[in-house]
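Letter by letter, the chains look like this.
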Amino acid sequence: FKEMSRASVDLEDPLGEDSHMPVPGLVHRYPDRVLFLVTTSCAMYCRFCTRRRIVLNKEHRTERELENVFAYLREHKEVRDVIISGGDALFIGDKFLETCLAGFRAIPSIEIIRIASRVPVVCPMRIDEKLVTMIRKYAPVYLMTHFNHPYELTDEAKKACAMFVDHGIPMMNQTVLLRKINSDPVILRVLFHELLKNRVKPYYLYQCDLSEGIEHFRTPVQKGIEIIESLRGHTSGLAVPEFVIDAPGGGGKVPVMPQ
Ligand SMILES: *Cc1c(COP(=O)(O)O)cnc(C)c1O
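Below is a short write-up of the structure.

Scoring rules and cut-offs
- Residues numbered from 1 in each chain as written.
- Predicted model: local features only at pLDDT ≥ 70, side-chain atom pairs only at ≥ 80, totals over all residues.
- Heavy atoms only, no water.
- Helix = DSSP H or I, 4+ residues; strand = E, 2+ residues; numbered from the N terminus.
- Buried < 20%, exposed > 50% of the residue type's maximum accessible area, 1.4 Å probe, protein only.
- Contact = heavy atoms within 4.5 Å.
- Axes fitted to C-alpha atoms, helices over the stretch in contact; angles between N-to-C directions.
- Parallel < 35°, antiparallel > 145°, perpendicular 65-115°, else oblique.
- Left-handed = near helix turned anticlockwise from the far one by under 90°.
- Nonpolar A, V, L, I, M, F, W, Y, C, P; charged D, E, K, R; others polar.
- Pairing = 2+ DSSP bridges.
- Near = heavy atom within 4 Å.
- Polar contact = N/O pair within 3.5 Å; in protein donor to acceptor, adjacent residues only side chain to side chain.
- Areas by Shrake-Rupley, 256 points an atom, 1.4 Å probe, with all protein chains shown as cover.

Examining the side chain of Asp81
Within the secondary structure, Asp81 is located in strand E3 (residues 81–85). Residue Asp81 is classed as buried on the basis of its relative accessible area of 3%. Ignoring any residue separated from it by four or fewer positions in sequence, one finds Asp81 in contact with Asp32, Arg33, Val34, Ile112 and Arg114.

Notes on the packing of helix H6 (residues 185–197) against helix H7 (residues 221–231)
One way to put it is that H6 packs onto H7 with a least axis distance of 10 Å and a crossing angle of 55°. The pairing of H6 with H7 is recorded here as oblique in orientation. Like other packed secondary-structure pairs, H6 and H7 cross with a definite hand, here right-handed. Here Pro185, Leu188, Arg189 and Phe192 of H6 lie close against H7, whose contacting residues are Ile227, Ser230 and Leu231. Residue composition of the contact of H6 with H7, by class: five nonpolar, one polar and one charged.

Notes on the sheet that holds strand E9 (residues 252–255)
Pairing in this open sheet of nine strands is mixed, and the strands run E1-E2-E3-E4-E5-E6-E7-E8-E9 from one edge to the other. The outermost strands of the open sheet, each flanked by one partner alone, are strand E1 (26–30) and E9. Across the sheet, the mean angle separating the axes of adjacent strands is 30° when strand polarity is ignored. In terms of strand pairing, strand E8 (residues 242–247) meets E9 through four bridges, oriented antiparallel. Residue pairing for E9: Ala247 is matched across the bridge by Gly252. Contacts from H7 reach strand E7 (200–206) and E8, with the element oriented near 160° to E8.

Digging into the packing of helix H2 (residues 94–105) against helix H4 (residues 129–136)
Closest axis-to-axis distance for the H2/H4 pair is 10 Å, and the angle between their directions is 10°. Judged by the inter-axis angle, H2 sits roughly parallel to H4. For the pair formed by H2 and H4, the contact residues are Asp94, Leu97, Glu98 and Leu101 on the first element and Lys130, Leu131, Met134 and Ile135 on the second. Its residues placed into classes, the contact of H2 with H4 shows five nonpolar, no polar and three charged.

Brief notes about the site of the ligand
Residues in contact with the ligand, as listed here, are Val27, Arg29, Tyr30, Arg33, Leu35, Ile83, Arg114, Tyr203, Tyr204 and Lys253. At a separation of 2.8 Å, an oxygen atom of the ligand approaches a polar side-chain atom of Arg114. Computed on the free molecule, the ligand has an accessible area of 380 Å², of which 91% lies beneath the protein chains in the complex. Residue contributions to the shell around the ligand peak at three residues, all from E1. Here the shell around the ligand is composed, by residue class, of six nonpolar, no polar and four charged.

In C-alpha cells:
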C-alpha cells in the first residue's frame, strides 16, 4: 500500500538512464564502460527496484538492436567494460546470452564483460554446468549478483555461486540498504562474511535510491555511514563494500565514507 504514495523527492527515472542512451538499451554514462539492458524481465521483482519504470514492460532486445549496440561499441573504442543487465541478464535464454557474449568478445577494445543477475539468489536452479561452461568461454566475465540478507544464502544459492567460481567466473555482490530489512550492522556483517565464505566479494552497498513509491525503504544516509564505520578496521577489508549513492539525474555513483 505504501508503494502507492509518492514522496516529493521521488523520480520516475532516478538515475537519468533514459536520457543517456545513445542506442536503445545502452546506457553510456561513464567514459570507459557501458550498461546494456538486455531485457526488462526478471526472475523476481524487487519491491525497491531502481528500474521499476521499465520492468514488467516485457521488452526484449532483438538481434537487430544488438547489432546496433555492437556497431556503437566498435566505434567507441574507449569502452573497455560492458555490463549486461536488465531486468535480469540471466532471464534470457542461453542462446541469446551467448550471442551477446560472443559479439562483445569479438570487439577488440572490450576487455571485460560483467553479467548482472539476481538469478543465483532467486532462481538458482537456472544455473547449470551447461550455462557456466558457455559463459567461461568468453572470459574474463564477472558475475555481479545481489544478496541483501543472510537468509537469501540458501543451500541452492550457495551451490549456484560455487558453480560460477569453480568455472573461473569471479563473483561480486551489490546490496541495497533497506530500512528495517537489512539496515543493521550485525545483519550486514553476517551477510558479508557469509558471502566471502562462498567466494563472493561484497562490492557495493547502495543507498536506496529515489524511485517512486519506495520512500518507506529508505534510510538516512547516516545509517550507511554507521554500518561502514562498524566494519572498517573491525573486520577483513575484503568484507567491506563501498557505500555509494547513485546520484539522481545521472550524476553517477558517489562513494560516501566515515571520517
Ligand atoms: C553502475 C554503473 C556502471 C558500473 O560502475 P562501476 O563503478 O564500474 O561498477 C556503469 N554504467 C552505469 C550506467 C552504471 O549505473
